[in-house]
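Per-entry structural report
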Number of protein chains: 2
Amino acid sequence: MMVRRSRSPRGSGEQLRGEIISAATQLLVEHGTRDAVSIRAVAGAVGVTSPSIYLHFADKDELIDAVTAQYFEQLDEVLGDAGDGLPDPMDRALAQGLAYVRFAIGTPVLYELAFTHTPNCDKESMVDEVLAAAAFMRFSQTVQDLIDDGVYPAGDLVTSVLELWSAAHGVASLMISKPHLPWGDDLRLAETVLRSVCVGRATLAQ
Amino acid sequence: MMVRRSRSPRGSGEQLRGEIISAATQLLVEHGTRDAVSIRAVAGAVGVTSPSIYLHFADKDELIDAVTAQYFEQLDEVLGDAGDGLPDPMDRALAQGLAYVRFAIGTPVLYELAFTHTPNCDKESMVDEVLAAAAFMRFSQTVQDLIDDGVYPAGDLVTSVLELWSAAHGVASLMISKPHLPWGDDLRLAETVLRSVCVGRATLAQ
DNA sequence: TGTACATCAGTGAACGCGCGTTCACTGATGTAC
DNA sequence: TGTACATCAGTGAACGCGCGTTCACTGATGTAC
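1. Considerations on the relation of the copies chain B and chain A
You can overlay chain B on chain A at an RMSD of 0.0 Å; the transform is a turn of 180° with a shift of 0.0 Å along its axis. The operation mapping one copy onto its partner corresponds to a two-fold rotation axis.

2. What to know about the state of the cysteines
Applying the stated criterion across every chain yields a total of zero disulfides over all chains. The cysteine Cys-198 of chain B is free of any disulfide, with Cys-198 of chain A supplying the nearest cysteine sulfur at 16 Å.

3. Some remarks on the interface of chain B and chain A
Chain B puts 38 residues into the contact, and the matching count from chain A is 38 residues. Both faces considered, chain B and chain A share a buried interface measuring about 3,200 Å² in area, 72% of it formed by carbon and sulfur atoms. Among the residues of chain B in contact with chain A, Leu-162, Leu-174 and Lys-178 of chain B are the three that bury the most area, contributing 16% of the side total. Where chain B packs against chain A, one counts zero salt bridges. Linking chain B to chain A there are four residue pairs in polar contact (both at pLDDT 80 or more). Looking at the side of chain B that touches chain A, the elements with two or more residues in it are α6 (108-116), α7 (123-148), α8 (157-177) and α9 (188-205) of chain B. Per-element tally for the side of chain B that touches chain A: the top contributor is α8 of chain B, with twelve residues. Along the lines of polarity and charge, the residues of the side of chain B that touches chain A split into 17 nonpolar, 13 polar and eight charged.

4. A word on helix α2 (residues 39-46) of chain A
Residues and elements named next belong to chain A. All buried positions along α2 are accounted for by Ile-39, Val-42, Ala-43 and Val-46. Take α2 and look down its axis: the buried residues cluster within an arc of 100°, on one side only. A positive backbone phi angle near 95° is found at Gly-47, which sits one or two residues after α2.

5. Focus on the side chain of Asp-76 of chain B
Residues and elements named next belong to chain B. Counting through the fold element by element, Asp-76 comes out in helix α4 (residues 60-83). Here Arg-138 takes part through its side chain, which lies 2.8 Å from a polar atom of the side chain of Asp-76. Each residue touching Asp-76, except ones within four places of it in the same chain, is listed here: Ala-134, Ala-135 and Arg-138.

6. Quick word on the packing of helix α6 (residues 108-116) of chain A against helix α8 (residues 157-177) of chain A
Residues and elements named next belong to chain A. Across the interface, α6 lies against α8 with an axial gap of 10 Å and an inter-helix angle of 125°. As summarised for this structure, α6 and α8 are arranged oblique, according to the angle between their axes. The interaxial crossing formed by α6 with α8 has left-handed handedness. In contact with Pro-108, Tyr-111, Glu-112 and Phe-115 of α6, α8 contributes Trp-165, His-169, Ala-172, Ile-176 and Ser-177.

7. Brief notes about the pattern of salt bridges
All names here are of chain B. For the structure on display, the rule yields eight salt bridges over all chains. Note that Arg-92 is salt-bridged to Asp-145, the shortest N-O span being 2.3 Å. A residue pair is termed long-range when its members are at least 10 positions apart, and Arg-92 in helix α5 (residues 89-106) and Asp-145 in helix α7 qualify at 53 residues. We note that Arg-92, like Asp-145, is buried. Across the pair Glu-163 and Arg-201 runs a salt bridge whose closest N-O atoms are separated by 3.0 Å. Taken as a pair, Glu-163 in helix α8 and Arg-201 in helix α9 lie far apart in primary sequence, 38 residues in all.

8. Some points on helix α5 (residues 89-106) of chain A
Side chains that are three or four residues apart share a direction in an α-helix, a result of its 3.6 residues per turn. For α5 of chain A, which comprises 18 residues, the first-to-last C-alpha distance of 25 Å matches the rise-based estimate of 26 Å (1.5 Å per residue) to within 8%. The buried fraction of α5 of chain A is high, at 13 of 18 residues.

Scoring rules and cut-offs
- Every chain is numbered independently, its residues counted from 1 as its sequence is written.
- Working convention: letters from A go to chains and numbers from 1 go to ligands, in the order in which they are written.
- Selection of residues for local features in this predicted model requires a pLDDT of at least 70, selection of side-chain atom pairs for listing and counting requires 80 or more, and totals for whole chains, interfaces and linings are taken over all residues.
- Each side-chain value is derived from all of the structure's non-hydrogen atoms; neither hydrogens nor water enter the calculation.
- Here the copies are matched by least squares. The fit uses the C-alpha atoms of residues with pLDDT of at least 70 in both.
- Any pair of cysteine sulfurs within 2.5 Å is marked as a disulfide.
- We call two residues in contact when some of their heavy atoms are within 4.5 Å.
- Put simply, buried area is the surface a 1.4 Å probe can reach on two separate parts but cannot reach once they are joined, added for both.
- Every case where a carboxyl oxygen of Asp or Glu lies within 4 Å of a side-chain nitrogen of Lys or Arg is listed as a salt bridge.
- Polar contacts, as counted here, are pairs of nitrogen or oxygen atoms within 3.5 Å of one another; within protein the pair requires one atom able to donate a hydrogen and one able to accept it, and residues that are adjacent in sequence qualify only if both atoms are side-chain atoms.
- Strands are runs of DSSP state E lasting at least 2 residues, helices are runs of H or I lasting at least 4, and numbering of each runs from the N terminus.
- All amino acids are sorted into three groups, where Ala, Val, Leu, Ile, Met, Phe, Trp, Tyr, Cys and Pro are nonpolar, Asp, Glu, Lys and Arg are charged, and the leftover types, Gly among them, are polar.
- Throughout this description, buried means an accessible area under 20% of the type-specific maximum (1.4 Å probe, protein chains only), exposed means over 50%, and partly exposed covers the range between.
- The arc in question is formed by the directions pointing from the helix axis toward the C-beta atoms.
- Each axis is a line fitted through C-alpha atoms, taken for helices only over the stretch in contact, and angles between the N-to-C directions span 0 to 180 degrees.
- Roughly parallel here means an angle under 35 degrees, roughly antiparallel means over 145, roughly perpendicular means 65 to 115, and every remaining angle is called oblique.
- Two helices cross in a left-handed way if the nearer one is turned anticlockwise from the farther one by less than a right angle. They cross in a right-handed way if the turn is clockwise.
- Here the expected span of a helix is defined as 1.5 Å times the quantity of residues minus one.

Right under this line is the structure:
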(Lines give C-alpha, C1' and ligand atoms only; values in the text may rest on other atoms or scores of the structure.)
Protein backbone atom coordinates (compact mmCIF):
# COMPACT_ATOMS: atom_id res chain seq x y z
CA MET A 1 0.00 0.00 0.00
CA MET A 2 1.36 3.31 -1.00
CA VAL A 3 1.01 6.24 1.30
CA ARG A 4 1.17 9.64 -0.23
CA ARG A 5 3.46 11.79 1.82
CA SER A 6 2.49 15.37 2.48
CA ARG A 7 4.24 18.05 0.54
CA SER A 8 7.55 19.24 1.90
CA PRO A 9 7.76 22.79 3.20
CA ARG A 10 9.83 25.23 1.22
CA GLY A 11 13.38 24.79 2.36
CA SER A 12 13.41 21.12 3.10
CA GLY A 13 14.14 19.53 -0.23
CA GLU A 14 17.10 17.89 1.44
CA GLN A 15 14.84 15.81 3.63
CA LEU A 16 13.23 13.97 0.74
CA ARG A 17 16.66 13.33 -0.69
CA GLY A 18 17.59 11.50 2.46
CA GLU A 19 14.37 9.54 2.48
CA ILE A 20 15.00 8.45 -1.10
CA ILE A 21 18.44 7.14 -0.26
CA SER A 22 17.10 5.30 2.77
CA ALA A 23 14.25 3.79 0.78
CA ALA A 24 16.61 2.55 -1.91
CA THR A 25 18.86 1.06 0.75
CA GLN A 26 15.95 -0.63 2.47
CA LEU A 27 14.66 -2.06 -0.81
CA LEU A 28 18.04 -3.64 -1.43
CA VAL A 29 18.23 -5.09 2.05
CA GLU A 30 14.69 -6.43 2.09
CA HIS A 31 14.46 -7.87 -1.39
CA GLY A 32 17.99 -9.15 -1.45
CA THR A 33 18.30 -8.36 -5.11
CA ARG A 34 20.03 -5.63 -6.97
CA ASP A 35 17.20 -5.07 -9.39
CA ALA A 36 14.69 -4.47 -6.66
CA VAL A 37 15.87 -0.91 -7.00
CA SER A 38 14.00 0.80 -9.78
CA ILE A 39 13.14 4.47 -9.83
CA ARG A 40 9.48 3.52 -9.57
CA ALA A 41 10.01 1.17 -6.64
CA VAL A 42 12.02 3.74 -4.74
CA ALA A 43 9.48 6.47 -5.44
CA GLY A 44 6.66 4.18 -4.37
CA ALA A 45 8.42 3.28 -1.14
CA VAL A 46 8.88 6.94 -0.28
CA GLY A 47 5.30 7.76 -1.22
CA VAL A 48 6.04 9.95 -4.18
CA THR A 49 5.83 9.67 -7.97
CA SER A 50 8.83 8.68 -10.02
CA PRO A 51 9.61 12.03 -11.63
CA SER A 52 10.11 13.46 -8.15
CA ILE A 53 13.29 11.45 -7.87
CA TYR A 54 14.79 13.58 -10.60
CA LEU A 55 14.36 16.69 -8.49
CA HIS A 56 17.05 15.26 -6.24
CA PHE A 57 19.23 13.07 -8.46
CA ALA A 58 20.29 13.64 -12.04
CA ASP A 59 19.76 10.00 -12.92
CA LYS A 60 19.63 6.54 -11.45
CA ASP A 61 23.39 6.23 -11.35
CA GLU A 62 23.66 9.26 -9.13
CA LEU A 63 21.13 7.75 -6.75
CA ILE A 64 23.06 4.51 -6.55
CA ASP A 65 26.26 6.46 -5.98
CA ALA A 66 24.58 8.22 -3.07
CA VAL A 67 23.44 4.91 -1.62
CA THR A 68 26.93 3.45 -1.68
CA ALA A 69 28.41 6.69 -0.35
CA GLN A 70 26.10 6.50 2.65
CA TYR A 71 26.97 2.84 3.04
CA PHE A 72 30.66 3.68 3.25
CA GLU A 73 29.90 6.31 5.86
CA GLN A 74 28.11 3.70 7.93
CA LEU A 75 31.08 1.41 7.50
CA ASP A 76 33.31 4.11 8.88
CA GLU A 77 31.10 4.47 11.94
CA VAL A 78 31.13 0.73 12.49
CA LEU A 79 34.92 0.66 12.29
CA GLY A 80 35.01 3.56 14.73
CA ASP A 81 32.77 1.82 17.24
CA ALA A 82 34.74 -1.38 16.91
CA GLY A 83 38.12 0.18 17.46
CA ASP A 84 37.40 2.85 20.05
CA GLY A 85 38.75 2.07 23.47
CA LEU A 86 41.26 -0.46 22.25
CA PRO A 87 44.68 1.07 22.79
CA ASP A 88 46.62 -1.93 21.52
CA PRO A 89 46.94 -1.60 17.74
CA MET A 90 46.83 -5.34 17.16
CA ASP A 91 43.61 -5.67 19.12
CA ARG A 92 42.18 -2.72 17.30
CA ALA A 93 43.19 -3.98 13.86
CA LEU A 94 41.62 -7.32 14.58
CA ALA A 95 38.46 -5.79 16.01
CA GLN A 96 38.09 -3.49 13.03
CA GLY A 97 38.76 -6.30 10.59
CA LEU A 98 36.17 -8.52 12.19
CA ALA A 99 33.68 -5.64 12.39
CA TYR A 100 34.28 -5.08 8.70
CA VAL A 101 33.48 -8.68 7.86
CA ARG A 102 30.46 -8.71 10.15
CA PHE A 103 29.12 -5.52 8.62
CA ALA A 104 29.62 -6.86 5.10
CA ILE A 105 27.92 -10.20 5.60
CA GLY A 106 25.12 -8.44 7.48
CA THR A 107 24.28 -6.41 4.40
CA PRO A 108 25.36 -8.63 1.54
CA VAL A 109 23.51 -6.97 -1.30
CA LEU A 110 24.70 -3.53 -0.33
CA TYR A 111 28.23 -4.78 0.02
CA GLU A 112 28.16 -6.38 -3.38
CA LEU A 113 26.64 -3.25 -4.87
CA ALA A 114 29.31 -1.06 -3.33
CA PHE A 115 32.02 -3.26 -4.76
CA THR A 116 30.54 -4.00 -8.14
CA HIS A 117 28.86 -0.82 -9.24
CA THR A 118 31.21 1.11 -11.46
CA PRO A 119 30.55 4.81 -11.11
CA ASN A 120 30.95 7.13 -14.05
CA CYS A 121 34.62 6.38 -13.80
CA ASP A 122 36.17 9.83 -14.12
CA LYS A 123 34.96 12.31 -11.56
CA GLU A 124 32.35 10.12 -9.99
CA SER A 125 34.82 7.46 -9.02
CA MET A 126 36.78 10.15 -7.26
CA VAL A 127 33.74 11.15 -5.24
CA ASP A 128 33.19 7.55 -4.35
CA GLU A 129 36.79 7.14 -3.41
CA VAL A 130 36.80 10.23 -1.27
CA LEU A 131 33.74 9.13 0.62
CA ALA A 132 35.21 5.71 1.14
CA ALA A 133 38.29 7.43 2.39
CA ALA A 134 36.87 8.10 5.85
CA ALA A 135 36.88 4.39 6.58
CA PHE A 136 40.08 3.93 4.61
CA MET A 137 41.92 6.59 6.57
CA ARG A 138 40.61 5.33 9.85
CA PHE A 139 41.99 1.92 9.12
CA SER A 140 45.20 3.41 7.79
CA GLN A 141 45.75 4.99 11.18
CA THR A 142 45.38 1.61 12.82
CA VAL A 143 47.92 0.11 10.45
CA GLN A 144 50.28 3.00 11.07
CA ASP A 145 50.03 2.25 14.79
CA LEU A 146 50.79 -1.40 14.04
CA ILE A 147 53.89 -0.30 12.20
CA ASP A 148 54.94 2.09 14.99
CA ASP A 149 54.53 -0.75 17.43
CA GLY A 150 56.78 -2.92 15.34
CA VAL A 151 54.07 -5.50 14.77
CA TYR A 152 53.83 -4.74 11.09
CA PRO A 153 56.95 -4.08 9.05
CA ALA A 154 57.71 -0.54 7.97
CA GLY A 155 57.17 0.17 4.32
CA ASP A 156 54.61 1.85 2.14
CA LEU A 157 51.61 2.46 4.38
CA VAL A 158 49.01 2.30 1.62
CA THR A 159 50.39 -1.01 0.41
CA SER A 160 50.15 -2.44 3.91
CA VAL A 161 46.58 -1.22 4.24
CA LEU A 162 45.69 -2.83 0.92
CA GLU A 163 47.15 -6.12 2.07
CA LEU A 164 44.99 -6.25 5.17
CA TRP A 165 41.96 -4.85 3.43
CA SER A 166 42.30 -7.54 0.75
CA ALA A 167 42.29 -10.20 3.43
CA ALA A 168 39.20 -8.86 5.15
CA HIS A 169 37.45 -8.25 1.86
CA GLY A 170 38.32 -11.72 0.65
CA VAL A 171 36.69 -13.47 3.56
CA ALA A 172 33.64 -11.20 3.50
CA SER A 173 33.16 -11.36 -0.23
CA LEU A 174 33.58 -15.10 -0.50
CA MET A 175 31.26 -15.72 2.44
CA ILE A 176 28.66 -13.60 0.70
CA SER A 177 28.92 -15.18 -2.72
CA LYS A 178 29.37 -18.79 -1.62
CA PRO A 179 27.32 -18.91 1.60
CA HIS A 180 26.86 -22.67 1.40
CA LEU A 181 30.51 -23.39 2.01
CA PRO A 182 31.34 -24.54 5.54
CA TRP A 183 32.28 -21.21 7.08
CA GLY A 184 31.55 -22.24 10.62
CA ASP A 185 29.24 -20.51 12.99
CA ASP A 186 31.18 -17.42 13.92
CA LEU A 187 33.98 -15.42 12.42
CA ARG A 188 36.77 -17.67 13.55
CA LEU A 189 37.95 -18.23 10.02
CA ALA A 190 38.02 -14.50 9.41
CA GLU A 191 40.00 -14.03 12.58
CA THR A 192 42.47 -16.71 11.59
CA VAL A 193 43.08 -15.15 8.21
CA LEU A 194 43.50 -11.65 9.59
CA ARG A 195 45.84 -12.79 12.34
CA SER A 196 47.82 -14.88 9.88
CA VAL A 197 48.39 -11.96 7.55
CA CYS A 198 49.57 -9.74 10.40
CA VAL A 199 51.86 -12.32 11.94
CA GLY A 200 53.04 -13.69 8.63
CA ARG A 201 53.75 -10.28 7.20
CA ALA A 202 55.91 -9.47 10.21
CA THR A 203 57.77 -12.76 9.85
CA LEU A 204 58.33 -12.29 6.13
CA ALA A 205 59.99 -8.95 6.72
CA GLN A 206 62.60 -10.35 9.05
CA MET B 1 27.37 -7.44 -39.40
CA MET B 2 25.55 -10.63 -38.76
CA VAL B 3 26.44 -13.74 -40.66
CA ARG B 4 23.82 -16.41 -40.95
CA ARG B 5 25.36 -19.71 -40.11
CA SER B 6 24.40 -22.73 -42.14
CA ARG B 7 22.07 -25.23 -40.66
CA SER B 8 23.58 -27.86 -38.40
CA PRO B 9 23.51 -31.46 -39.58
CA ARG B 10 21.28 -33.84 -37.75
CA GLY B 11 23.22 -35.03 -34.76
CA SER B 12 25.25 -31.97 -33.99
CA GLY B 13 23.01 -29.90 -31.81
CA GLU B 14 25.77 -29.94 -29.24
CA GLN B 15 27.99 -27.88 -31.45
CA LEU B 16 25.69 -24.87 -31.47
CA ARG B 17 25.38 -25.15 -27.72
CA GLY B 18 29.10 -24.71 -27.38
CA GLU B 19 29.13 -21.80 -29.79
CA ILE B 20 26.41 -20.08 -27.78
CA ILE B 21 28.40 -20.37 -24.55
CA SER B 22 31.51 -19.07 -26.27
CA ALA B 23 29.64 -16.17 -27.81
CA ALA B 24 28.17 -15.19 -24.46
CA THR B 25 31.60 -15.37 -22.88
CA GLN B 26 33.12 -13.29 -25.61
CA LEU B 27 30.40 -10.67 -25.34
CA LEU B 28 31.14 -10.30 -21.64
CA VAL B 29 34.86 -10.01 -22.21
CA GLU B 30 34.62 -7.57 -25.08
CA HIS B 31 31.93 -5.27 -23.79
CA GLY B 32 33.09 -5.36 -20.22
CA THR B 33 29.55 -5.19 -18.97
CA ARG B 34 27.25 -7.74 -17.52
CA ASP B 35 24.24 -6.56 -19.46
CA ALA B 36 25.99 -6.93 -22.80
CA VAL B 37 24.64 -10.45 -22.57
CA SER B 38 21.10 -10.55 -23.83
CA ILE B 39 19.52 -13.50 -25.58
CA ARG B 40 19.33 -11.41 -28.73
CA ALA B 41 22.94 -10.30 -28.55
CA VAL B 42 24.17 -13.83 -28.04
CA ALA B 43 22.01 -15.16 -30.84
CA GLY B 44 23.20 -12.38 -33.14
CA ALA B 45 26.83 -13.10 -32.33
CA VAL B 46 26.37 -16.75 -33.18
CA GLY B 47 24.47 -15.94 -36.35
CA VAL B 48 21.16 -17.36 -35.31
CA THR B 49 17.78 -16.01 -34.20
CA SER B 50 16.89 -15.67 -30.55
CA PRO B 51 14.39 -18.51 -30.25
CA SER B 52 17.15 -20.90 -31.29
CA ILE B 53 18.82 -20.33 -27.95
CA TYR B 54 15.88 -22.02 -26.29
CA LEU B 55 16.58 -25.21 -28.19
CA HIS B 56 19.72 -25.51 -26.08
CA PHE B 57 18.98 -23.75 -22.82
CA ALA B 58 15.75 -23.67 -20.85
CA ASP B 59 16.14 -20.00 -20.07
CA LYS B 60 18.70 -17.26 -19.73
CA ASP B 61 19.71 -18.36 -16.25
CA GLU B 62 20.70 -21.75 -17.53
CA LEU B 63 22.84 -20.14 -20.20
CA ILE B 64 24.62 -17.99 -17.63
CA ASP B 65 25.13 -21.04 -15.44
CA ALA B 66 26.76 -22.80 -18.37
CA VAL B 67 29.03 -19.82 -18.98
CA THR B 68 30.26 -19.76 -15.39
CA ALA B 69 30.63 -23.54 -15.36
CA GLN B 70 32.91 -23.34 -18.37
CA TYR B 71 34.78 -20.51 -16.73
CA PHE B 72 35.45 -22.65 -13.68
CA GLU B 73 36.70 -25.41 -15.92
CA GLN B 74 39.14 -23.00 -17.51
CA LEU B 75 40.21 -21.92 -14.06
CA ASP B 76 40.99 -25.50 -13.21
CA GLU B 77 43.14 -25.84 -16.30
CA VAL B 78 45.00 -22.66 -15.44
CA LEU B 79 45.68 -23.93 -11.93
CA GLY B 80 46.87 -27.19 -13.40
CA ASP B 81 49.28 -25.50 -15.79
CA ALA B 82 50.57 -23.27 -13.03
CA GLY B 83 51.24 -26.06 -10.55
CA ASP B 84 52.47 -28.87 -12.77
CA GLY B 85 56.13 -29.54 -12.45
CA LEU B 86 56.49 -27.87 -9.09
CA PRO B 87 57.19 -30.62 -6.58
CA ASP B 88 57.53 -28.28 -3.59
CA PRO B 89 54.04 -27.68 -2.17
CA MET B 90 54.83 -24.16 -1.08
CA ASP B 91 56.05 -23.22 -4.54
CA ARG B 92 53.00 -24.86 -6.04
CA ALA B 93 50.57 -23.17 -3.68
CA LEU B 94 52.07 -19.81 -4.43
CA ALA B 95 52.14 -20.44 -8.17
CA GLN B 96 48.52 -21.56 -8.16
CA GLY B 97 47.48 -18.63 -6.01
CA LEU B 98 49.16 -16.15 -8.29
CA ALA B 99 47.76 -17.87 -11.37
CA TYR B 100 44.33 -17.59 -9.79
CA VAL B 101 44.70 -13.86 -9.28
CA ARG B 102 46.15 -13.37 -12.74
CA PHE B 103 43.32 -15.33 -14.32
CA ALA B 104 40.71 -13.36 -12.37
CA ILE B 105 42.01 -9.90 -13.19
CA GLY B 106 42.49 -10.96 -16.79
CA THR B 107 38.78 -11.65 -17.13
CA PRO B 108 37.23 -9.29 -14.60
CA VAL B 109 33.65 -9.34 -15.82
CA LEU B 110 33.52 -13.10 -15.97
CA TYR B 111 35.08 -13.36 -12.55
CA GLU B 112 32.54 -10.97 -11.08
CA LEU B 113 29.74 -12.82 -12.81
CA ALA B 114 30.91 -16.17 -11.49
CA PHE B 115 31.00 -14.78 -7.98
CA THR B 116 27.86 -12.68 -8.03
CA HIS B 117 25.38 -14.59 -10.07
CA THR B 118 23.18 -16.60 -7.76
CA PRO B 119 22.04 -19.77 -9.48
CA ASN B 120 18.62 -21.20 -8.76
CA CYS B 121 19.90 -21.93 -5.33
CA ASP B 122 18.70 -25.47 -4.73
CA LYS B 123 19.90 -27.94 -7.30
CA GLU B 124 21.51 -25.49 -9.61
CA SER B 125 23.87 -24.22 -6.97
CA MET B 126 24.96 -27.79 -6.44
CA VAL B 127 25.75 -28.17 -10.12
CA ASP B 128 27.73 -24.98 -9.97
CA GLU B 129 29.52 -26.14 -6.87
CA VAL B 130 30.35 -29.49 -8.37
CA LEU B 131 31.77 -27.93 -11.47
CA ALA B 132 33.79 -25.54 -9.40
CA ALA B 133 35.01 -28.52 -7.47
CA ALA B 134 37.56 -29.53 -10.07
CA ALA B 135 39.57 -26.42 -9.28
CA PHE B 136 38.65 -26.65 -5.64
CA MET B 137 39.87 -30.21 -5.31
CA ARG B 138 43.02 -29.48 -7.23
CA PHE B 139 43.89 -26.73 -4.82
CA SER B 140 42.83 -28.87 -1.88
CA GLN B 141 45.46 -31.38 -2.90
CA THR B 142 48.10 -28.67 -2.86
CA VAL B 143 47.02 -27.61 0.61
CA GLN B 144 47.08 -31.22 1.77
CA ASP B 145 50.64 -31.43 0.55
CA LEU B 146 51.45 -28.26 2.45
CA ILE B 147 50.07 -29.87 5.57
CA ASP B 148 51.95 -33.10 4.99
CA ASP B 149 55.10 -31.07 4.57
CA GLY B 150 54.48 -29.38 7.89
CA VAL B 151 54.29 -25.94 6.29
CA TYR B 152 50.64 -25.56 7.05
CA PRO B 153 49.22 -26.73 10.38
CA ALA B 154 47.15 -29.88 10.46
CA GLY B 155 43.46 -29.35 10.97
CA ASP B 156 40.33 -29.35 8.91
CA LEU B 157 41.48 -29.40 5.29
CA VAL B 158 38.47 -27.59 3.87
CA THR B 159 38.85 -24.80 6.41
CA SER B 160 42.49 -24.40 5.45
CA VAL B 161 41.57 -24.27 1.78
CA LEU B 162 38.95 -21.63 2.47
CA GLU B 163 41.51 -19.53 4.31
CA LEU B 164 43.88 -19.48 1.39
CA TRP B 165 41.14 -19.16 -1.17
CA SER B 166 39.77 -16.17 0.72
CA ALA B 167 43.14 -14.50 0.57
CA ALA B 168 43.56 -15.04 -3.16
CA HIS B 169 39.97 -14.08 -3.84
CA GLY B 170 40.31 -10.96 -1.72
CA VAL B 171 43.22 -9.60 -3.68
CA ALA B 172 41.70 -10.51 -7.03
CA SER B 173 38.26 -9.18 -6.23
CA LEU B 174 39.46 -5.93 -4.75
CA MET B 175 41.85 -5.34 -7.63
CA ILE B 176 38.94 -5.81 -10.01
CA SER B 177 36.46 -3.58 -8.24
CA LYS B 178 38.87 -0.83 -7.22
CA PRO B 179 41.38 -0.84 -10.08
CA HIS B 180 42.47 2.73 -9.44
CA LEU B 181 44.07 1.91 -6.13
CA PRO B 182 47.86 1.68 -6.21
CA TRP B 183 48.26 -2.05 -6.74
CA GLY B 184 51.69 -1.81 -8.27
CA ASP B 185 52.70 -3.17 -11.62
CA ASP B 186 52.86 -6.87 -11.00
CA LEU B 187 51.38 -9.26 -8.49
CA ARG B 188 53.85 -8.56 -5.72
CA LEU B 189 51.09 -7.52 -3.34
CA ALA B 190 49.21 -10.72 -4.07
CA GLU B 191 52.34 -12.71 -3.45
CA THR B 192 52.95 -10.94 -0.16
CA VAL B 193 49.44 -11.63 1.07
CA LEU B 194 49.53 -15.29 0.07
CA ARG B 195 52.93 -15.84 1.60
CA SER B 196 51.89 -14.04 4.75
CA VAL B 197 48.86 -16.23 5.24
CA CYS B 198 50.90 -19.40 4.80
CA VAL B 199 53.72 -18.32 7.06
CA GLY B 200 51.48 -16.65 9.58
CA ARG B 201 49.10 -19.56 9.76
CA ALA B 202 52.01 -21.87 10.54
CA THR B 203 53.28 -19.51 13.22
CA LEU B 204 49.85 -19.14 14.80
CA ALA B 205 49.53 -22.87 15.22
CA GLN B 206 52.73 -23.20 17.18
C1' DT C 1 15.74 -47.08 -57.09
C1' DG C 2 11.90 -43.95 -56.05
C1' DT C 3 8.58 -41.89 -53.22
C1' DA C 4 6.02 -40.66 -49.04
C1' DC C 5 6.76 -39.42 -44.59
C1' DA C 6 8.67 -38.27 -39.87
C1' DT C 7 12.08 -35.62 -37.66
C1' DC C 8 13.83 -31.57 -35.81
C1' DA C 9 17.17 -27.42 -36.15
C1' DG C 10 16.11 -23.10 -36.91
C1' DT C 11 12.80 -18.96 -38.36
C1' DG C 12 9.78 -14.75 -38.20
C1' DA C 13 6.68 -12.26 -35.93
C1' DA C 14 4.76 -11.00 -32.03
C1' DC C 15 3.42 -10.86 -26.83
C1' DG C 16 3.59 -8.24 -22.54
C1' DC C 17 6.44 -6.04 -19.37
C1' DG C 18 9.00 -2.89 -16.63
C1' DC C 19 12.29 0.16 -17.24
C1' DG C 20 14.60 5.20 -17.25
C1' DT C 21 13.34 9.46 -18.46
C1' DT C 22 10.69 13.70 -20.23
C1' DC C 23 7.32 17.29 -20.28
C1' DA C 24 3.71 20.25 -19.60
C1' DC C 25 1.07 20.94 -15.57
C1' DT C 26 -0.75 22.10 -10.65
C1' DG C 27 -1.29 24.19 -6.54
C1' DA C 28 0.34 25.32 -1.94
C1' DT C 29 3.64 28.47 0.01
C1' DG C 30 6.07 32.52 0.71
C1' DT C 31 7.01 37.48 -0.80
C1' DA C 32 6.45 42.32 -2.65
C1' DC C 33 3.84 46.17 -2.73
C1' DT D 1 -4.02 44.29 6.06
C1' DG D 2 -5.07 42.60 1.42
C1' DT D 3 -3.97 41.23 -3.05
C1' DA D 4 -1.19 39.92 -7.07
C1' DC D 5 2.54 37.35 -8.20
C1' DA D 6 6.82 34.36 -8.30
C1' DT D 7 8.59 30.16 -6.67
C1' DC D 8 9.19 25.42 -6.80
C1' DA D 9 8.09 20.60 -4.80
C1' DG D 10 5.60 17.33 -6.68
C1' DT D 11 2.10 15.22 -10.35
C1' DG D 12 0.06 12.51 -14.29
C1' DA D 13 0.55 10.81 -18.49
C1' DA D 14 3.23 9.34 -21.82
C1' DC D 15 7.62 8.29 -24.76
C1' DG D 16 10.58 4.72 -26.72
C1' DC D 17 13.27 0.89 -25.74
C1' DG D 18 15.16 -3.60 -25.13
C1' DC D 19 14.21 -7.35 -22.80
C1' DG D 20 12.87 -12.67 -22.07
C1' DT D 21 9.93 -15.66 -23.98
C1' DT D 22 6.23 -18.02 -26.93
C1' DC D 23 4.15 -19.99 -30.96
C1' DA D 24 2.92 -21.51 -35.26
C1' DC D 25 5.78 -22.27 -39.16
C1' DT D 26 9.42 -23.99 -42.71
C1' DG D 27 12.26 -26.77 -45.07
C1' DA D 28 16.37 -29.62 -45.36
C1' DT D 29 17.69 -34.17 -43.83
C1' DG D 30 17.34 -38.86 -42.94
C1' DT D 31 14.32 -43.18 -42.99
C1' DA D 32 10.76 -46.81 -44.22
C1' DC D 33 8.77 -49.26 -47.62
